[in-house]
Amino acid sequence: MWDFVVVGAGPAGARFARRAAERGHDVLVFEQGAVGEPLACSGHVSTDLWEFTPAGTREELLQNEIVGARFHLGGADSTAYPFYKDEPVSNVIDRVGLDRRLAEAAREAGADLREDHTVLDVTEARDRVAVEVRGPDGVETHDGRMVVGADGPQSRVRQALELPGPTETLHGVLGFDADPDHADFVDVHLTVPGFFAWRIPRGEAGVEYGLAMGPGNDVRERFEAFTADYGVEVDRRCSGLIPIGPPSRVTGRRSLLLGDAAAQTKPFTGGGIRYGMIAADHAARTVDPSDPGTLGDYERAWRADLRREIRLGGLVRRAYDLPRPIQRAGLWALSGEIGVHMDRPSTVFSWDQLRALIGRSQ
């Protein structure tokens, strides 16, 4: 009988496994394939990501430092509206390497992490959960006191236990150009219905191009047009789903969801690495595997921490579909030096942002 059976060894699942193991719990983790593969997420992250990683991870994974973003209402040669700081606001990293380093940290803490194990079914009983998996040696069933679904936007745990899903799901596409680019600005194009397209310089690792759209749109056709406008042919591509809007509950009788499985993402960018690991820390701290009543503590804790940022992020995203004249006027008025944190929309109302606005007028 394991204390926790964790499904998914991405950032949220690996972070939870590490923290729970450090608290003395017996933790079993299943990953469908190899940790970090296939890549389905951008490597553009906030600088405080490193607070969640072991010492030395930044030096190992950092590819580029970003000081700002140029917003466009048209294509590659359109007018750019820069937003920036005088110091790095974000980092570009080896995304696959991040997953592997976090999984390694979970193993070092005592978690039993098994790759190439596909979860087939999950059932909840009064005093346990049963997780059926197919691994290299065939089909196995493992019992635990709790199951943690950290298995992405199409979570098998969520589906098996009939937990509610996200409000919305977008389809994202990434592609990579191998030519080195050490520029320190990302480019954001508000040319995609309901979301945006992006270009991220990754230093010696090249350039990342991407976009995301809602269902019913031809994402690949849009992506082809976007990269053609920049005059590049990408040599690697990947795609994935982006859940937006957490459901009303992310816990069951003896289960909880984390990360993309719980739609713990930023509505205005789709990123969720940091939010998912924040929620993982709350879960490891609040949930007692022998007491299902503590699942409510997890629900309250992560929502109290992230609810405001997610709601404000939803408001920011609405600006992507404002009429062009309003977007143009807003970008012109607000562009320049900023004091905003990329993961915290609430910092739009911070003293740092106010000082940045005042500084422009002096």
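Residues numbered from 1 in each chain as written. Predicted model: local features only at pLDDT ≥ 70, side-chain atom pairs only at ≥ 80, totals over all residues. Heavy atoms only, no water.

Visitor: Which residues make up the nonpolar core, and what are the values?
Guide: Judged by nonpolar contacts, the single largest core of 60 residues is most densely connected at Phe 16, Leu 258 and Tyr 298. Leu 39, Leu 73, Phe 196 and Ile 244 belong to the second-largest nonpolar core, a separate cluster that totals 28 residues. (Core = buried A, V, L, I, M, F, W, Y, C linked by side-chain atoms within 4.5 Å. Buried < 20%, exposed > 50% of the residue type's maximum accessible area, 1.4 Å probe, protein only.)

Visitor: So what's going on with the sheet that holds strand β4 (residues 62–66)? Which residues, and what values?
Guide: In space, the three strands of this open sheet follow the order β3-β7-β4, with antiparallel pairing throughout. Of all the strands in the sheet, the pair left with one neighbour each is β3 (44–46) and β4. The sheet shows a mean angle of 35° between the axes of neighbouring strands, direction not considered. (Pairing = 2+ DSSP bridges. Helix = DSSP H or I, 4+ residues; strand = E, 2+ residues; numbered from the N terminus. Axes fitted to C-alpha atoms, helices over the stretch in contact; angles between N-to-C directions.)

Visitor: For unusual backbone geometry, give the residues involved together with the corresponding values.
Guide: Phi at Asp 116 is positive, roughly 60°, even though this residue is not glycine. Examined against the element boundaries, Asp 116 turns out to sit in the loop between β8 (112–114) and β9 (118–124). Classification of Asp 116 as partly exposed rests on a relative accessible area of 45%. The backbone of Glu 162 shows a phi angle near 55°, a positive value even though the residue is not glycine. As for its placement among the helices and strands, Glu 162 is situated in the loop between α4 (156–160) and β12 (168–177). Here Glu 162 falls in the exposed class, since its relative accessible area comes to 68%.

Visitor: Mind laying out the packing of helix α1 (residues 11–22) against helix α6 (residues 273–286), listing which residues take part and the relevant values?
Guide: The interhelical angle for the contact between α1 and α6, taken along N-to-C directions, is 30°, at an axis separation of 8 Å. Judged by the angle between their axes, α1 and α6 are roughly parallel. The hand of the α1/α6 crossing is right-handed. Contact with α1, carried on its side by Pro 11, Ala 12, Arg 15, Phe 16, Arg 19 and Ala 20, involves Ile 273, Gly 276, Met 277, Ala 280, Asp 281, Ala 283 and Ala 284 of α6 and no other residues of that element. Of the residues that constitute the contact of α1 with α6, the class distribution is nine nonpolar, one polar and three charged. (Parallel < 35°, antiparallel > 145°, perpendicular 65-115°, else oblique. Left-handed = near helix turned anticlockwise from the far one by under 90°. Contact = heavy atoms within 4.5 Å. Nonpolar A, V, L, I, M, F, W, Y, C, P; charged D, E, K, R; others polar.)

Visitor: Now, about the pairing of β12: what can you tell me, with residues and values included?
Guide: Most of β12 is tucked away, with seven of its ten residues classed as buried. Pairing analysis gives nine bridges linking β12 to strand β16 (residues 236–244), with the strands arranged antiparallel. Residue pairing for β16: Leu 174 is matched across the bridge by Cys 238. Pairing between β12 and strand β15 (residues 207–213): seven bridges, direction antiparallel. Bridge assignment links Gly 172 to a residue of β15, and that residue is Ala 212.

Visitor: Tell me about helix α5 (residues 219–229), residues and numbers included.
Guide: Among the residues of α5, those classed as buried are Val 219, Phe 223, Phe 226 and Thr 227. The arc that holds every buried residue of α5, seen down its axis, measures 90°, which confines them to one face. Exposed and oriented more than 90 degrees from the buried face of α5 are Glu 221 and Ala 228. In this fold, the buried residues of α5 make contact with β12, β13 (185–192), β14 (195–201), β15 and β16. Looking at the residues trailing α5, positive phi occurs at Gly 231, about 75°. (Arc of directions from axis to C-beta.)

Visitor: Tell me what's going on with helix α3 (residues 95–109), and back it up with residues and numbers.
Guide: A rise of 1.5 Å per residue sets the reference length of α3, with its 15 residues, at 21 Å; its end C-alpha atoms lie 22 Å apart and thus fit the reference within 8%. Looking at α3, one finds that the buried residues are Arg 95, Val 96, Gly 97, Leu 98, Asp 99, Arg 101, Leu 102, Ala 103, Ala 105 and Ala 106. In this structure, the buried side of α3 is in contact with α1, α2 (57–61), β7 (90–93), β8 and α6. Sitting at the amino-terminal end of α3 is Asp 94, which places a side-chain oxygen 3.3 Å from the backbone nitrogen of Val 96. (Expected span 1.5 Å × (residues − 1). Polar contact = N/O pair within 3.5 Å; in protein donor to acceptor, adjacent residues only side chain to side chain.)

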